[in-house]
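Summary of the model geometry
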Amino acid sequence: MSTAKTLSLTIDGTPCTCESGEYLYDVAKRNGILIPVLCRSDAFEDHRACCRVCIVEVEIKGRRKVVTACVYPVEQECAVYTNSEKIVEERAIVLALLAKRAPESAEIVAMARYYKAPELDRLVELDGGRCILCGRCVQACESLGTGAISTINRGTEKEVSTPYHNPSLACVGCLSCANVCPTGAIPFIQAPSTRSIWGRDFEVLSCERCGAPMGTREEIAYAAKKAGMETPVICDACRKHEIADSMMGTYRLV
Ligand code: SF4
Ligand code: FES
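Residues numbered from 1 in each chain as written. Chains lettered and ligands numbered in written order. Predicted model: local features only at pLDDT ≥ 70, side-chain atom pairs only at ≥ 80, totals over all residues.

Some points on the domain arrangement of the chain
- Taken as a whole, the chain is organised into domain 1 (6-114) and domain 2 (136-247).
- Look at where the C-alpha atoms of domain 1 and domain 2 centre, and you get two points 31 Å apart.
- Tallying the contact residues gives nine residues for domain 1 and eight residues for domain 2.
- For the side of domain 1 that touches domain 2, the per-class residue count stands at six nonpolar, two polar and one charged. (Domains from an automatic or database assignment. Contact = placed C-beta atoms within 7 Å. Nonpolar A, V, L, I, M, F, W, Y, C, P; charged D, E, K, R; others polar.)

Here we look at the pairing of strand E3 (residues 55-60)
- When E3 meets strand E4 (residues 63-68), the two strands line up antiparallel, connected through six bridges. Bridge assignment links Val56 to a residue of E4, and that residue is Val67.
- In this structure, the hairpin formed by E3 and E4 is closed by a connection of two residues, where Lys61 is found at a positive phi of approximately 50°.
- With three bridges connecting them, E3 and strand E5 (residues 78-81) associate as antiparallel partners. Within E5, the residue paired with Glu57 across the bridge is Tyr81. (Pairing = 2+ DSSP bridges. Helix = DSSP H or I, 4+ residues; strand = E, 2+ residues; numbered from the N terminus.)

As for the environment of Cys207
- Residue placement: Cys207 occurs in the loop between strand E10 (200-206) and strand E11 (213-216).
- The class for Cys207 is partly exposed, based on 17 C-beta atoms found within 10 Å.
- Expressed as a C-alpha distance, the spacing of Cys207 and Val88, which sit 119 residues apart in the sequence, is 50 Å.
- For Cys207, the residues in contact, after removing those within four places along its chain, are Ala212, Met214, Ile234, Cys235 and Cys238. (Buried ≥ 20, exposed ≤ 12 C-beta atoms within 10 Å, placed from the backbone.)

Structural notes on helix H4 (residues 136-144)
- Turning to H4, its buried residues are Arg136, Cys137, Gln139, Ala140 and Cys141.
- Directly after H4, the chain includes Gly145, whose backbone phi takes a positive value near 90°.

Concerning the environment of Val27
- Tracing the backbone shows Val27 in helix H1 (residues 24-30).
- Classification of Val27 by C-beta neighbours within 10 Å gives buried; the count is 23.
- Separated by 217 residues in sequence, Val27 and Ala244 have C-alpha atoms that sit 41 Å apart.
- Contacts of Val27, omitting those with residues within four sequence positions, involve Cys16, Cys18, Glu22 and Val74.

A few points about the sheet that holds strand E8 (residues 188-190)
- Spatially, E8-E9-E10-E11 is the arrangement adopted by the four strands of the open sheet, whose pairing is antiparallel. Taken across any chain shown, the strands that pair with only one partner, and hence form the sheet edges, are E8 and E11. Going from strand to strand, the sheet's axes swing by 20° on average, the running direction of each strand aside.
- Pairing analysis gives four bridges linking strand E9 (residues 194-197) to E10, with the strands arranged antiparallel. Across the sheet, residue Thr194 finds its bridge partner in E10, namely Glu203. (Axes fitted to C-alpha atoms, helices over the stretch in contact; angles between N-to-C directions.)

Let's talk about the site of ligand 1
- Around ligand 1, the surrounding shell holds 13 residues, and the nearest of these are Cys131, Cys134, Cys137, Cys181 and Ala185.
- Partitioning the shell around ligand 1 into residue classes produces ten nonpolar, two polar and one charged. (Near = placed C-beta within 6 Å.)

Brief notes about the sheet that holds E4
- If you trace the five strands from one edge of the open sheet to the other, you get E2-E1-E5-E3-E4, paired in mixed fashion. Of all the strands in the sheet, just strand E2 (14-19) and E4 have a single pairing partner and so form its edges. Pairwise comparison of adjacent strand axes, ignoring direction, gives a mean angle of 30° for this sheet.
- Contacting E3, E4 and E5, helix H2 (residues 85-101) runs over the sheet at an angle of about 150° to E3.

Some words on the nonpolar core
- Residues Leu24, Ala69, Leu95, Leu98, Ile132 and Cys137 are the most contacted members of the largest nonpolar core, which totals 51 residues.
- Elements supplying a minimum of two residues to this core: strand E1 (6-11), H1, E3, E5, H2, helix H3 (106-114), H4 and helix H5 (176-180).
- Split by domain, this core shows at least three residues from each of two domains, domain 1 (6-114) and domain 2 (136-247).
- Apart from the residues lying within four places of it in its own chain, the contact partners of Cys137 are Ile149, Val160, Cys177, Val180, Cys181 and Ile186. (Core = buried A, V, L, I, M, F, W, Y, C linked by C-beta atoms within 7 Å.)

So this is what it looks like as structure tokens:
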């Protein structure tokens, strides 16, 4: 049983409760109040808080401050404002900066338009940019243990890539990086029996029983090795059917 203290707070005037230490973004989401996020993903426990789109104002004992909701632990009763005048203004600037970094990201351009982001004429747009350097893709690759991509270079040259831009032998072609990217910045080509990403071409294997695509040869072998299993030749759904069929057979024999 949890021993964490229960706290009361209001978010945009809506009364809410939470356990002390819960992240403000999670409390808002649980109560149906959506705070915009980009770098935050529920797929990871470690939140790196680098985009600052989720800023909100928190008022405690009459004093207001701007906090980053995705990593702000609620530890006192407070009033939260997710769309105060100050927040709308600051979020618009955050999005204007992100739009300069990623001018070709439809998602960022749409968000910048929605929040009426100002034109920052003195800043130069980065060429061909879709990446906001949120780090989600690197985090996904690290969490799988593959470590095929990382952030390289500094300043305006900073980018996510494989070492020295070469095709990485560590990459298993699983697409986790592309799937968690909030801006569609990682290009890949998916065909029925092949997949290309990060400069490598992979063969996509199909289930020997139903023919459904199962993933790349490398991805299947990697997952099986991690789980200490034989490399499967049939998909999960068919494996479950096989288990159910064999149990029914045993049942009929008894
Ligand atoms: S490629 Fe996508 S997920 Fe990776 S850092 Fe850039 S925006 Fe984030
Ligand atoms: S979503 Fe909170 S800092 Fe990016």
